[in-house]
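Spelled out, the chains give:
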Amino acid sequence: MALDSVWIVGGSRSGKTARLVQQLCNWLQNHHQAIDSFYTNHKNKKKGNLVQKSWEIRQTEPGVLLLAANDDNRRELGDRIVTDTSGKFPVRAKTPLGFFQDEVILFWPLLIQSLQLNAQFPVRLRPETEQELATKLWRSHLDAEILKLAGMSEYRLVRRILDLLQLAAYSGEKCDRISEILARGLADNPINLEPEFLASLLLDWRDWCLNRGLLTYGIITELYNHHLLPNEHYQQHLAKRYQAVLADDVDDYPAIARNLFEFLLNQGAVGAFSYNPEGGIRLGLGADPEYLQGLANRCQVESLIGPPRESLAINLASQMLELATQPMVMLSLPETVQSIETTSRAELLRQTAEIMIKAIKSGEVEPQEVAIIAPGLDAIARYTLIEILNKQNIPVEPLNDQRPLISSPAIRALLTMLALVYPGLGRLVDRDAVAEMLVVLSRRQKPADSSELSTDIDPVRAGLIADYCFEPHPERPNLLPVTTFERWDRIGYAATTAYNEILQWIEKQRSQQEQRLIPSPISLLYLAIQDFLCKDNNPPYDQLAALRELLETAQHYWEINTRLQQSQSKLPALSPVESTIAEFIQLLRRGTITANPYPLRPIGPARKAVTLATIFQYRSSRRFHRWHFWLDASSPLWAKGGAATLYGAPFFLQGRLGAPWTAEDEKSAEEQRLQRILTDLLSRVSEKVYLCHSDLAVNGQEQLGPLLPLIHACITVNSEAAIKV
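Below, the structure is looked at part by part. (Residues numbered from 1 in each chain as written. Predicted model: local features only at pLDDT ≥ 70, side-chain atom pairs only at ≥ 80, totals over all residues. Heavy atoms only, no water.)

### Section: the sheet that holds strand 16 (residues 610-614)
Stage number 1. Spatial strand order, 11-16-10-17-18-9-19: seven strands in an open sheet with parallel pairing. Of all strands in the sheet, those with a lone pairing partner are strand 11 (396-398) and strand 19 (715-717), marking the two edges. Here the strands of the sheet are splayed against their neighbours by 25° on average, with no regard to which way each runs.
Stage number 2. One ladder, built from three bridges, connects strand 11 with strand 16; its direction is parallel. In the strand pairing of strand 16, Pro398 is matched with Leu612. (Pairing = 2+ DSSP bridges. Helix = DSSP H or I, 4+ residues; strand = E, 2+ residues; numbered from the N terminus. Axes fitted to C-alpha atoms, helices over the stretch in contact; angles between N-to-C directions.)

Laid out in C-alpha cells, this is it:
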C-alpha cells in the first residue's frame, strides 16, 4: 500500500470516527480498483495465467487491525464499518487489551517455549478470582502488623498491590522495575510499606500464576509486550496478517499500544488513528494519551476544527472554563444554563425529578433526550431518582449498573439451595434465607398476564414454614415435612403443594449427591434454574442476565479450582467439594461479583428512557442528549479522579516515569481534568444544562466544589410550578 498514515485530531463529536471509517473505505476502494485495472490490462492474455495472477492478487486483500477504546465503542465501530462497506469487508474489531489477550492465547506455544512454562492451556482469571487467590497466597505476609502500617483493610491493600502490576504492564515496564519506579516516585512522600516488599509480592504472584497457566490482564499485557511482540516468529505472523491498522480514540490506550503500532508501521503497514485532546477518559486507569500522541510525528495530521455545531460547547465552553478556573471573573451565563438550588440533598433530588417530569409530561423534551450526570452516584440518589421517575411512567436507564449478583433474590435462593443439598454448609443458611428461598422458588406465571408473576408461598407463609419446619444444623440443616407445624392447615393447599415440591426436589438431589450422581454443583444450579425459575416463567431480562452470570462465574470458579488441584499449590490445602462451595458462596456474599451481561441491553429498538450515569460512564459511552442535569454540581469530586484513578498511576506515565507526584502536580492535574470534563460534556448536549446544587452533601458537609462559581452565574429555577410527585 503506497498510502500515507493519517492522524486525525479533533474534539468530542467532531467526526473523527466517521473520518476513520471513510479512510478504511478509501483503502479498500483503491485495492479493488487495482484488481479491476489488472483484469482490464490482461483481458487478452491466456486464461490460465489470468486465473493464477487473479488468485495471487486476491490473496493480498489487506488485513486490517481494528481497535476501539472500550467494548461499547468496539461494537459500534464494527457496525459502522459493516454498514459503510455494505458487509463486503469481514470485520473483527477489538479493544487493545482484548487483542493482547487473544494474541497471547493464540501464540501460547511460543511463550511456553521461550519462558519454559508447563505445557498447559492458559486460563484467564477474573478480577474477583485474582483478588481471592492473591489474598490467599499473600496472607502469611500481610499480617495484622502490615495491615496496620498500611492503614487499610486486607481487601483494599491486595487490590492496590495488584493494580501496580497492571499499571506497570500497561506502561511497558517489567514487574521487576516496580520497586525502582515506586522508590523514585515516593522519594519525597514515603509510604509505610517498602516498595521492595510490594514488588516481591507481585513477582511471587506473577511466577505462581505462570507456573499454573493462569493469566490476569496485567500478566497478559506484560507477556505480550516483553515476550511475544519481540519474538521473531510472532513478528513474521503479525506482519503477514495486518497491512493496515485502524485505531479510534487512541487517547484512551495504554502506552504499549504505541509499541504495537510502531512495529506495524515499520513493517510497511498504513495506519489511521483518531485522537481527542479533550479525551483521556481512562487517564489514571492505565491510559497514556501524551505518549500515544507521539505517533502523530509518523502520520499526516488532519485537524477537525471546532466543536459540533449543534452542541453548547460553541458558545459556552470558554465562558464556563473561565468562570471555573478564575472565580473572580464577573460573567453571567445565558439561559441555556440554569441552576436548581436547595439546602438538603434530599430536596435537591426531589426538585430535580419534578422539573424533569414537568418537561417530559408537557412534551418539551422526550425521556431519551435527557441525561442525569453526576461525579459519583450513591445508592440513595440512584434509587430515589429511579423511584420518582418510574412512578410517573418515565423509564430510567442506568449506564453500566453493575449490581452485585447477591442483590438478586433468585441468586440468594439458589445459594441457599446449595447449602441445603451439600453437607457441612449449615452455618451459611438461616431462617430468613430459607423463607426467601421458598418465596422465590414457588413463583408462578399468571396465565392472564405473562409479564407478571404470582407466588404460591407468600412471605407470611414462608416465615411460618421457616419458623416451624426449618431445622438448623452445622452439618445437615433440614427442611421438615409441613405437618411438623401443628397448625399446618393454615398454610393452605397451594403453599403446601409448592413446599412439598421443593422439599422432594432437595431430598432427591441430596440422595443423588450422596451417590455421586450429580457431576458438579454447576449441574445442580442449572437443574434448580430449569425446574423452578424457568419452568413456567419467562424471567425478566435483568434476572436472566444475573442467572447467566451466576452459571458463568460458577463454571470459572470450578475451572480454576480444578487447575489448582492439578498442580502442587503453595496455597493452603485445597478443600473438598463442600468447602469449595462454601468459599464460592462467601465470595458472592461479599458482593465482589456483578452481573455484566452480553449484550449489555436487550436486542431491539433503543429504549426510550432517561440516562443516569456517572461522569466516567457517560463520557466513556460517548452519548449525546438535548438536556443535561449535572447532579451535585458543587461537589469537589468534579475535579477529582475518584474511582477512575488508580493508586500510583502518575508514576507509570512514560513522560514522567518514576517522577515524584507533588501537590502542585495534583493541582495542575485537577485543573486539566476539569477542563477536559467541561469541554467534553458541553460537546455532548445541544439545548440546556441544569446545574443541580445542594448546600449540604449526602454526608452533611458543605459543598464548595470548583463549579460553584457557575451556579452563582446563572438563573435559578425551582419546581413550584411542577407537578407534585
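Back to the write-up after that little detour.
### Here's the deal with the nonpolar core
Stage number 1. Counting 84 residues, the largest nonpolar core has Trp138, Trp205 and Phe261 as its most contacted members.
Stage number 2. Top element by residues in this core is helix 8 (residues 154-171). It accounts for eight residues.
Stage number 3. With near-sequence residues (within four places) excluded, Trp205 lies in contact with Leu125, Glu130, Leu133, Ala134, Leu137, Trp138, Leu162, Leu165, Thr216 and Ile219. (Core = buried A, V, L, I, M, F, W, Y, C linked by side-chain atoms within 4.5 Å. Buried < 20%, exposed > 50% of the residue type's maximum accessible area, 1.4 Å probe, protein only. Contact = heavy atoms within 4.5 Å.)

### As for the layout of surface pockets
Stage number 1. Each pocket or cavity is described by its volume, and for the second largest pocket that value is around 1000 Å³.
Stage number 2. In terms of lining, the second largest pocket is formed by 46 residues, of which the most central are Leu283, Pro650, Leu653, Trp661 and Ala669.
Stage number 3. Where the lining of the second largest pocket is concerned, the elements lending two or more residues are helix 14 (289-292) and helix 26 (663-682).
Stage number 4. Element by element, the count of residues in the lining of the second largest pocket is highest for helix 26, at 10 residues.
Stage number 5. Looking at the lining of the second largest pocket, its residues break down into 17 nonpolar, 17 polar and 12 charged. (1 Å grid on protein atoms, 1.4 Å probe; cavity = no way out; pocket = protein on both sides within 12 Å on 5 of 7 lines; lining within 4 Å. Points joined across faces, edges and corners; volume = space filled by probe spheres on them. Nonpolar A, V, L, I, M, F, W, Y, C, P; charged D, E, K, R; others polar.)

### Some words on the packing of helix 18 (residues 409-421) against helix 21 (residues 493-514)
Stage number 1. One can describe the packing of helix 18 onto helix 21 by two numbers: an axis separation of 9 Å at closest approach and a directional angle of 55°. By the angle class used here, helix 18 and helix 21 are oblique. Helix 21 is crossed by helix 18, and the crossing has right-handed handedness. Between helix 18, through Met417, Leu420 and Val421, and helix 21, the contact on the second element is made entirely by Trp505, Ile506, Gln509, Arg510 and Gln513. (Parallel < 35°, antiparallel > 145°, perpendicular 65-115°, else oblique. Left-handed = near helix turned anticlockwise from the far one by under 90°.)

### Quick word on the environment of Val64
Stage number 1. By the element assignment, Val64 lies in strand 2 (residues 64-67).
Stage number 2. For the pair formed by Val64 and Val91, sequence separation is 27 residues and the distance between their alpha carbons is 8.6 Å.
Stage number 3. In contact with Val64, other than residues within four places in its own chain, are Leu24, Phe89, Tyr242, Ala244 and Leu246.

### A few points about helix 10 (residues 195-211)
Stage number 1. Relative to the 24 Å expected for 17 residues at 1.5 Å per residue, helix 10 spans 24 Å between its end C-alpha atoms, a close match to the ideal helical length.
Stage number 2. Residues Pro195, Leu198, Ala199, Leu201, Leu202, Trp205, Arg206, Trp208, Cys209 and Leu210 constitute the buried set of helix 10.
Stage number 3. Contact partners of the buried residues in helix 10: helix 6 (127-138), helix 8, helix 9 (178-185), strand 5 (214-215), helix 11 (217-228) and helix 23 (541-566).
Stage number 4. Within two residues after helix 10, Gly213 carries a phi angle of roughly 70°, on the positive side. (Expected span 1.5 Å × (residues − 1).)

### Focus: the sheet that holds strand 7 (residues 270-275)
Stage number 1. Spatially, 3-2-6-7-1-8 is the arrangement adopted by the six strands of the open sheet, whose pairing is parallel. Unpaired on one side and paired on the other, strand 3 (93-94) and strand 8 (300-304) mark the two borders of the sheet.
Stage number 2. Alignment of strand 2 against strand 6 (residues 244-247), held across four bridges, turns out to be parallel. Bridge pairing in strand 6 places Leu65 opposite Val245.

### Focus on unusual backbone geometry
Stage number 1. Backbone geometry at Arg13 places phi at a positive 60°, although glycine is not the residue there.
Stage number 2. Structurally, the position occupied by Arg13 is in the loop between strand 1 (6-10) and helix 1 (16-41).
Stage number 3. Of the residues examined, Arg13 reaches a relative accessible area of 30% and is grouped as partly exposed.
Stage number 4. Phi angles above zero are rare outside glycine, and Asn393 is one such case at about 60°.
Stage number 5. Residue position: Asn393 is located in the loop between helix 17 (379-391) and strand 11.

### Some remarks on the side chain of Arg345
Stage number 1. Among the structural elements, Arg345 can be located in helix 16 (residues 345-361).
Stage number 2. Among the polar contacts listed, one links the side chain of Arg345 to the side chain of Asp378, at a separation of 2.8 Å.
Stage number 3. In contact with Arg345, other than residues within four places in its own chain, are Asp378, Ala381, Leu631, Asp632, Ser694, Leu696, Ala697 and Val698. (Polar contact = N/O pair within 3.5 Å; in protein donor to acceptor, adjacent residues only side chain to side chain.)

### Quick notes on empty space enclosed by the protein
Stage number 1. What the rule picks out here adds up to three cavities of 30 Å³ or more.
Stage number 2. Quantified by volume, the largest cavity comes out at close to 60 Å³.
Stage number 3. Around the largest cavity sit Leu167, Tyr170, Ser171, Ala255, Gly284, Gly286, Ala287, Asp288, Ala649, Phe652 and Leu653, which together line it.
Stage number 4. A breakdown of the residues in the lining of the largest cavity according to their chemical character gives seven nonpolar, three polar and one charged.

Shape is all these values report; function is a separate question.
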